[in-house]
Structure formats: structure tokens, C-alpha cells
Amino acid sequence: MASKKRVPVIAGNWKMFKNRDEALAFVFAVNDNMPKRKEVETVICAPAIHLSALVKRQGDNLRIGAQNMHFKDSGAFTGEISPLMLVDAGVSYCVIGHSERRQYFNETDETVNLKVKAAIAHDIIPILCVGESLSIREKGTTNRFVKKQILKAYEGIELEDALKVIVAYEPIWAIGTGVTATKEQANETIKGIRRVLAKLYQRVNANKMRILYGGSVNTNNIKELLGESDIDGALIGGASLKSDDFLKLVDAARK
């Protein structure tokens, strides 16, 4: 069984919600109640247009993340945001490879790998998303599918950099549906991810890597999910939009 000495991560993914005033009000509401970062890492991944404003108002313990970035530092890529732009805005985390990006915006395992490398090169912590569709789950090939995603995402990444990556296992069939993987399903798949990482980087190092669960996480199921041996936190969508709920989610992760 993996050690639970890893610092848990509670990351909110706001997706395409909140105007500027709503975003600022949220940050002001939670700032003073965030635990020390050595206790729980708290992150809000906000729409790109709000990042600079939120970074300026983040407290000592809350961090602001992006939801996407290009892998190039600059270029003729209309509508994209480069890692240099995120660094300039003060962003310290970035969600990479979310299933919605893969499904709607044609992201591939190859581009995910390039983005992970680019994030690391610019001292941005990647929150790397992997996960299977319902048909893959029903076929019983979840572990094989997720293993392929992990192997490709970490291709060409040395141990020192691999330790910086946070993995988020998000079964596609549970995102925004109200259906959550059982705590046992989530933990078993995350154990499988850790086994893949152990083969790549040795068990002692894999046990240091944080792997989150995401997929209809809410204030009612967060505690039981975090009670599992290998689940180190959560990447949370809808339940992270209300400040009161976010505080409850963070409180559940306190050691």
C-alpha cells in the first residue's frame, strides 16, 4: 500500500464559468481559510481572461492555475496562450489533457506530452488528466487504456521532472454526470497508474507522486474518496464554483 504522507491537493476547475467580479468575490471569500501549503495544496484553475486579476489577489496559500496552454513559447497560433504568458501572469499550475480538451479540441497523447514538457520547462506544475470512456470501462480495458495515456504523457521526462507532475484520474463517464466512480473503482485505477509510474521511475519514487481523482466529486463523497490508500486529492468541477463548497472540500483534505 502506498504511503499517505503525500501532501493532498484540492484543485478547482472552473471551466467556462464566472465573470471577473464573481471570480474575485470567490477568491476573497476563501483566501483567509486556506490551510498551509505543506498541509493541503489548494488551486483554482480559472478561465484565462481572469488569471492576472486572480493572481494579484491570491492569498499566501491559495494558488491560481490555468486550464490549458500551448506547448510553444510563441508563434502564429491564433487564440492560444503560451507558457511564457502564463508565467508572466504569475500562474503556477496548468491543467493538461482534460478529456474535454481531448474530445472537443482535438488534443492527442502527443500534444499532451509536449504540453507537460513545456509546463515543466517553465516551472508550471502540470495537472495531467487521464481517463477512460464508459465503453472502455464496460469492456474491462480501463487499465490498459490509462496505461497507454500515462506512458505517452511521460515519454522523454526524467525522474526529477516527473516528480513535479500531478496526475488527475478522471473517468470520462463520471465528469459532470453526477455519477461518481465508487471509491474502490477510483482507488484501484489509481493504484494501476502508480504501478505504471513505478515501472518507469521505481516504486520509491512513484510513492511520492500525487494522483488525484476527478469526476462528480462533491462535498458528500470527498471524505470517502480521500480515505482510500492511493487517492491524494481531487480535481473538482461544478462543486468548486461555490466558495462555501470549496472550503468544505478543502477541509476534508486536512490531515
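Being a predicted model, the structure only gives us computed values, none of them experimental.

Chemist: Talk me through the environment of Leu163; I want residue IDs and the actual numbers.
Modeler: Here Leu163 shows up in the loop between helix H8 (159–162) and strand E6 (166–169). Taking the C-alpha atoms as reference points, Leu163 and Ala206, separated by 43 residues in sequence, lie 8.2 Å from one another. Excluding residues that lie within four positions of it along the chain, Leu163 makes contacts with Asn205, Lys208 and Met209.

Chemist: Give a detailed account of the pattern of salt bridges, specifying residues and quantitative values.
Modeler: Between side chains of opposite charge, a pair can form when the charged atoms approach closely. Overall, the coordinates contain 15 salt bridges when judged by the stated rule. Of the charged contacts in the structure, one is a salt bridge between Glu132 and Arg137, with a shortest N-O distance of 3.0 Å. For Arg137, a relative accessible area of 22% corresponds to the partly exposed category. The partner of Asp251 in a salt bridge is Arg254, and the shortest N-O contact between them spans 3.1 Å. Shared partners join several salt bridges into a network, and the residues in it are Arg6, Arg194, Asp230 and Asp232.

Chemist: Outline the nonpolar core, supporting the account with residue identities and numerical values.
Modeler: With 68 residues, the main nonpolar core has Leu128, Ile150, Tyr154 and Tyr213 as its most contacted residues. It is helix H9 (residues 183–201) that provides the largest number of residues to this core, a total of 7 residues. Filtering out sequence-adjacent residues up to four positions away, Tyr154 remains in contact with Asn113, Leu128, Ala162, Val165, Val167, Leu197, Leu200 and Tyr201.

Chemist: I'd like to hear about helix H12 (residues 243–253), residue by residue, with values.
Modeler: Every buried residue of H12 is listed here: Ser243, Phe246, Leu249, Val250, Ala252 and Ala253. Taken together, the buried residues of H12 touch strand E1 (9–13), helix H1 (20–30), strand E2 (41–45), strand E3 (62–66), helix H11 (222–226) and strand E8 (233–236).

Chemist: Would you mind going over the packing of aromatic side chains in detail, with residue names and values included?
Modeler: Evaluated as defined, the whole model comprises 4 aromatic pairs. Look at Tyr169 and Tyr213: their rings are 6.1 Å apart centre to centre, the planes differ by 55 degrees, and that puts the pair in the tilted class. Of this pair, Tyr169 sits in strand E6 while Tyr213 sits in strand E7 (residues 211–213); the two residues are 44 residues apart in sequence, bridging distant segments of the chain. For the pair formed by Tyr169 and Tyr213, the shared burial category is buried. A cation over an aromatic ring shows up here: Lys18 above the ring of Trp14, its NZ or CZ 5.2 Å from the ring centre.

Chemist: So what's going on with the pairing of E3? Residues and values would help.
Modeler: On any regular strand, side chains alternate: one points to one face of the sheet, the next to the other face. In terms of residue burial, E3 counts as a mostly covered element, since 4 of its 5 residues are buried. For the crossover from E2 across helix H2 (residues 51–57) to E3, the handedness is right-handed. In the sheet, E3 pairs with strand E4 (residues 93–96) via 2 bridges, with the strands oriented parallel. Bridge pairing in E4 links Gly65 to Tyr93. Note on the crossover from E3 through helix H3 (residues 83–89) to E4: the handedness is right-handed.

Chemist: Tell me about the packing of helix H5 (residues 109–121) against helix H7 (residues 142–153), and name the residues and values.
Modeler: The axes of two packed helices give the description: the angle between them and the distance between them. The contact between H5 and H7 brings their axes to 8 Å, and the two run at 45 degrees. Our classification of the angle between H5 and H7 gives oblique. The way H5 lies across H7 gives a crossing that is right-handed. For the pair H5 and H7, the contacting residues are Asp109, Glu110, Val112, Asn113 and Val116 in the first and Lys148, Gln149, Lys152 and Ala153 in the second.

Chemist: Provide a residue-level description of H5, including the pertinent values.
Modeler: The terminal C-alpha atoms of H5, which comprises 13 residues, lie 18 Å apart, in line with the 18 Å expected from a rise of 1.5 Å per residue. Those residues of H5 not exposed but buried are Asp109, Val112, Asn113, Lys115, Val116, Ala118, Ala119 and Ile120. Close packing links the buried residues of H5 with H3, E4, helix H4 (99–104), strand E5 (125–130), H7 and H8. Of the residues trailing H5, Asp123 is marked for its positive phi of about 60 degrees.

Cut-offs applied
Residues numbered from 1 in each chain as written. Predicted model: local features only at pLDDT ≥ 70, side-chain atom pairs only at ≥ 80, totals over all residues. Heavy atoms only, no water. Helix = DSSP H or I, 4+ residues; strand = E, 2+ residues; numbered from the N terminus. Contact = heavy atoms within 4.5 Å. Salt bridge = Lys/Arg side-chain N within 4 Å of Asp/Glu carboxyl O. Buried < 20%, exposed > 50% of the residue type's maximum accessible area, 1.4 Å probe, protein only. Core = buried A, V, L, I, M, F, W, Y, C linked by side-chain atoms within 4.5 Å. Phe/Tyr/Trp six-rings, centres within 6.5 Å; stacked < 30°, edge-to-face > 60°. Lys NZ or Arg CZ within 6 Å of the ring centre and 35° of its normal. Right-handed = clockwise from strand over helix to strand, strands pointing away. Pairing = 2+ DSSP bridges. Axes fitted to C-alpha atoms, helices over the stretch in contact; angles between N-to-C directions. Parallel < 35°, antiparallel > 145°, perpendicular 65-115°, else oblique. Left-handed = near helix turned anticlockwise from the far one by under 90°. Expected span 1.5 Å × (residues − 1).

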